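Each chain is listed here by its residues.
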Amino acid sequence: MSKRFSLSIVIGVLILLISVFSIKSVYLTARPTVDTAQVHIKEDRATLEGIIHKTGGKEITRYGFRWGTSQGLDQEENLSGTINLNQDFSITIKGLKEGVTYYYRAFAVNAKGTAYGDIKSFTVKYNPPPVVSITSPGDSMTITRGEVVKIAASATDDNKVKAMELYINNIAKKKTDSGSLNYSWNTGGMEPGKYVIKATAGDGVKTDEKIINITIKDDLKKVAQVAVSSPATNKISTPTKTVPTPSRGVNYTNKSKYPRLSKINGSFGQFYYRDTGGGTIEIDPRWIAENIVTIKLPGINRYVQVHKNAKDNFIQAFTYIKNGTTVINGRRVPLLSLVETIDGTFVSRHVNWNPSKGLSNHSWGTAIDINADNHFRYVNPNWEPDDPNYILWVKAFRPAGFSWGNSYSDSMHYELLK
Ligand SMILES: [Zn+2]
C-alpha cells in the first residue's frame, strides 16, 4: 500500500481532471451563432445588419460583415465595441453603383473559429435624376423692360427633391429645399438683351437642370402702355396723356390687323387684339381709348391706367390704404407703409406672359399687383397674420370689391370680377 498506491490515486485524479477540462473545451464551447439580417438601401449607401445570438462560450474577438459584388465577398468590415446578444449590429457601406448586385454575410469570431450567417444579396436600383420644368414664363419670350416676370419652376423625383436653385445668367437668385421655386424678377433695372434662366434640382445624388431664354426689350412703341406698370421705384411724377386717341380714320376696328377676339370679362367687355410675341398682345386702340382711363391713386399719388368701370373701386381701395392703420407687433402703423411696390394695372398680355395661356385680366385694366417681389406665392393667414398683402386684402381691397389671387398662389394680385 503505501506510496505506490497513493501515487496511483493522484495520477488517477489528475487524469480525471484533465479529461473533464478537455471535454468541456471540446464539447461545451463552440463557435458563435450569428445571422445575416436585413439591408436598408438609400441612394448609394446600404446599411447591413446582423445579429449575434450566442457567443459560443468564449469571448468574441472580432465580428462584422464580408461583402462584395460576387459571392467571393472580397471586402471585410470589422466592428468593435460591446456586443449585445440578440440585437442588430450594423455597418453602412457607401459609393455603391446603380444596377449592381451586392452580396453580404455577417460573421463573428471566437477562439473556436469563425461563424457565418447566410449570404444575402441586394441590387442597387437605378436612381433617375429629378425632372425640372419651368412653368412660367414660357421659353423664348420677349419681356418689355420694367415688367415683373413671375418665374415658377418645379421638379419631381422618384425619391425626393432636396434642393432647387434658380440662376439668371449664372447668378444665383433663389434657393429652396423643396420641389418648387418661385421668384419675381423685376426687369426694371436690367439692360435690354438676352437672358438665360436656369433652374436646377437635386435629389442628393443627381441633379438636373432646365434652361430657358428670355429677351428683355425696351420697346418704345409700348412705353405708352406699360409705363404705369413699372415698379413704384420708377417715379412717375407728372400725369401724362398715355392713352392712344383714335383718329377719325381708324375709328372702327381693323379686324385684319386685330384678328383675335378676347373673352367677355363681365361688365368690362371684350376687345379685338393681336399677339405680338413673347406673350404680349396689342389691343385694338379704339377699345383702349374708350375704356382705359388714367387715375391718380390716393395716398401713393401715382398715375395708373385702369378700366373706366374699375376706377371707383381702385380709388376706394387706395382711399382705405391712405387713411387706414393696422397694428403689427403692438405698434400702430399706416396701411400706406405696407405698400412697397405696385405693378401691372393695365398691361396687355397673356397670363404669365405665356402665349399658350389665356389673357391676363391685367389686359382689361382690372387688376393690380402689390409687393410683387415676395408675393408670387400663397400666404397662409394663420401663419403670417402680419403679412402686408393679407392685411391690405382685409382692410382695403376686399371692402373695395376686389378678389385676391391668394387662392391660386398669387398673393400679389388683386382684381375685380364683375
Ligand atoms: Zn397680377
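Before reading further, recall that the structure is shown in the block above.
Since this is a predicted model, take the numbers as computed values, not measurements.

Undergrad: Got a minute to help me understand the overall build of the protein in this structure?
TA: Helix and strand content of the protein: five helices and 27 strands. Counting across all 418 residues of the protein, residues that qualify as buried make up 33%.

Undergrad: What am I meant to see in the sheet that holds strand β26 (residues 403-404) here?
TA: Paired through backbone hydrogen bonds, the strands of a sheet run either parallel or antiparallel to each other. Within the open sheet, the four strands sit side by side as β24-β25-β27-β26. Their pairing is antiparallel. Of all the strands in the sheet, just β24 (342-343) and β26 have a single pairing partner and so form its edges. Pairing analysis gives two bridges linking β24 to strand β25 (residues 367-370), with the strands arranged antiparallel. Residue pairing for β25: Ile342 is matched across the bridge by Ile370.

Undergrad: Sorry, what's going on with the nonpolar core here?
TA: A general feature of soluble globular proteins is that nonpolar side chains tend to end up buried together. Grouped together as the largest cluster of nonpolar side chains are 58 residues, with contacts concentrated most on Ile151, Ala153, Leu392 and Phe397. Top contributing element to this core by residue count: strand β11 (residues 148-156), with six residues. In this view, Ala153 contacts Val132, Ser133, Ile134, Thr135, Met164, Leu166, Leu181, Ala199 and Lys210; residues no more than four positions away in its chain are not counted. Formed by 14 residues, the second largest nonpolar core is a distinct cluster that contains Leu48, Phe89, Phe107 and Ala115.

Undergrad: When you look at the pairing of strand β21 (residues 302-307) in this model, what are you seeing that I'm missing?
TA: Along any regular strand, the residues point their side chains to alternate faces of the sheet. Where strand β20 (residues 292-297) meets β21, six bridges bridge the pair, whose relative direction is antiparallel. Looking at β21, one finds that Leu297 is bridged to Arg302. In textbook terms, the turn of a hairpin is the stretch between consecutive antiparallel strands, and for β20 and β21 this stretch comprises four residues, one of which, Gly299, has a positive phi near 85°.

Undergrad: Sorry, what's going on with the environment of Arg349 here?
TA: Assignment of secondary structure puts Arg349 in the loop between β24 and β25. When the C-alpha atoms of Arg349 and Ile281 are compared, they prove to be 5.1 Å apart, with 68 residues separating the residues in sequence. Those residues in contact with Arg349 that lie beyond four places of it in its chain are Gly279, Thr280, Ile281, Ser360, His362 and Ser363.

Undergrad: How should I be thinking about the pairing of strand β18 (residues 272-275) in this particular structure?
TA: Where strand β17 (residues 260-261) lies against β18, two bridges are found, and the strand directions are antiparallel. Paired with Leu261 across the strands is Tyr272, a residue of β18. Here three bridges tie β18 to strand β19 (residues 281-283), and the two strands are oriented antiparallel to one another. Bridged to Asp275 within β19 is Ile281. Where β18 folds back on β19, the antiparallel hairpin that results is connected by five residues, among which Gly277 adopts a positive phi of roughly 90°.

Conventions adopted
Residues numbered from 1 in each chain as written. Predicted model: local features only at pLDDT ≥ 70, side-chain atom pairs only at ≥ 80, totals over all residues. Helix = DSSP H or I, 4+ residues; strand = E, 2+ residues; numbered from the N terminus. Buried ≥ 20, exposed ≤ 12 C-beta atoms within 10 Å, placed from the backbone. Pairing = 2+ DSSP bridges. Core = buried A, V, L, I, M, F, W, Y, C linked by C-beta atoms within 7 Å. Contact = placed C-beta atoms within 7 Å.

Scope: geometric values only; no functional claims are made or implied.
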